[in-house]
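Topology and contacts: notes
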Amino acid sequence: MTRQRALILNIMRENPGHLTADEIYALAREQMPGIARGTVYRNLKLMEQDREIAKLEMPEGPDRFDKTSAPHGHLYCDGCGSLQDIPVIGLVRDIEAVIGTEVRSYQLTIHYLCPACRSKLSQ
Ligand SMILES: [Zn+2]
Ligand SMILES: [Zn+2]
């Protein structure tokens, strides 16, 4: 593993949530000022291919990256675009019971309005 790749992985593990490539690049530069944007993008792609991390395509705005490729669902706020992890293993088990075989992978994004956006709406 290169130093750049180790740095990127560290940044992702230390930051809660789901960063964009540019956010990761900005944080990487604080610790390694000479790092190039292309290096960050290339490493993210390699890490995604190695299933070390996962890329999330967003309904709006740039892709974000997940520090794990372990399957989980996401809660997406249509108001502010915030993205949170949610466990959906119970749901996946139910689906497996229906289809009678193992679910191999999934991408699940549940759209909602977060509490802050809901209260803004009701004012
Ligand atoms: Zn919101
Ligand atoms: Zn996630």
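This one's a predicted model, so the numbers in the text were calculated from it and none came from an experiment.

1. A look at the pairing of strand β5 (residues 83-86)
Every other side chain in a regular strand lies on the same face of the sheet, so the side chains alternate between the two faces. Across four bridges, strand β4 (residues 73-77) lies against β5 in antiparallel orientation. In the sheet register, Gly73 faces β5, and the bridge partner there is Ile86. The loop that links β4 with its antiparallel partner β5 comprises five residues; one of these, Gly81, has a positive phi angle of about 80°.

2. With respect to the coordination of the zinc ion (ligand 1)
Around the zinc ion (ligand 1), the protein contributes the donor atoms Cys77 (SG), Cys80 (SG), Cys114 (SG) and Cys117 (SG), which lie 2.3 Å from the metal centre. Taken together, the four donor atoms coordinating the zinc ion (ligand 1) span angles of 103 to 116° at the metal, a pattern that classifies the geometry as tetrahedral. One chain supplies every donor to the zinc ion (ligand 1), and in sequence these donors are spaced C-x2-C-x33-C-x2-C. Assessed through its relative accessible area of 9%, Cys114 is described here as buried.

3. Here we look at helix α2 (residues 21-31)
Within α2, the full set of buried residues consists of Ala21, Ile24, Tyr25 and Ala28. Down the axis of α2, the buried set is contained in an arc of 100°. They therefore lie on one face. Among the structural elements, α1 (3-14), β1 (19-20), α3 (37-49) and β3 (64-66) are those in contact with the buried residues of α2.

4. As for the domain arrangement of the protein
Along its sequence, the protein is carved into domain 1 (3-66) and domain 2 (73-122). The distance between the C-alpha centroids of domain 1 and domain 2 comes to 23 Å. If you look at the interface, domain 1 gives eight residues, while domain 2 gives eight residues. With both chains or domains summed, domain 1 and domain 2 bury close to 580 Å², and 55% of this area falls on carbon and sulfur atoms. Area buried by domain 1 at its contact with domain 2 is led by His18, Pro59 and Arg64, which between them contribute 58% of it. Secondary structure elements with two or more residues in the side of domain 1 that touches domain 2: β2 (54-56) and β3. Here the residues of the side of domain 1 that touches domain 2 are counted per class, giving three nonpolar, one polar and four charged.

5. Considering the coordination of the zinc ion (ligand 2)
Note on the zinc ion (ligand 2): its protein donors are His18 (NE2), Asp66 (OD), His72 (NE2), His74 (NE2) and Asp85 (OD). The metal-donor distances range over 2.1 to 2.2 Å. On the accessibility criterion, Asp85 (41% relative accessible area) is partly exposed.

Criteria and thresholds
- Residue numbers here run from 1 along each chain, matching the order of that chain's written sequence.
- The lettering of chains begins at A and the numbering of ligands begins at 1, in the order of writing.
- In keeping with the predicted nature of the model, local features appear solely for residues at pLDDT of at least 70, side-chain atom pairs appear and are counted solely at 80 or more, and the whole-chain, interface and lining totals rest on all residues.
- Remark: hydrogens and water are excluded; side-chain values derive from all non-hydrogen atoms of the structure.
- Only strands that DSSP links by at least two bridges are regarded as paired with each other.
- Put simply, DSSP marks the helices as runs of H or I at least four residues long and the strands as runs of E at least two long, and each gets a number from the N terminus on.
- Here the coordinating atoms are restricted to nitrogen, oxygen and sulfur within 2.8 Å of the metal centre, or 3.2 Å for Na, K and Ca, and because water is not among them the sites may look incomplete.
- Square planar and octahedral sites, with four and six donors, are those where opposite donors lie more than 155 degrees apart and all other angles lie between 65 and 115, tetrahedral sites have four donors with every angle between 85 and 135 degrees, and the rest are irregular.
- For each residue, the accessible area found with a 1.4 Å probe, counting protein chains only, is set against the maximum for its type, and the residue is called buried under 20%, exposed over 50%, and partly exposed in between.
- Note that the arc is computed from the directions linking the helix axis to the C-beta atoms.
- Here a residue-residue contact requires only that any non-hydrogen atoms of the pair lie within 4.5 Å.
- Marked domain ranges trace back to an automatic or database domain assignment.
- The term buried area refers to how much accessible surface (probe radius 1.4 Å) is lost by two components on association, counted for both of them together.
- Charged means Asp, Glu, Lys or Arg here, nonpolar means Ala, Val, Leu, Ile, Met, Phe, Trp, Tyr, Cys or Pro, and polar covers whatever is left, Gly included.

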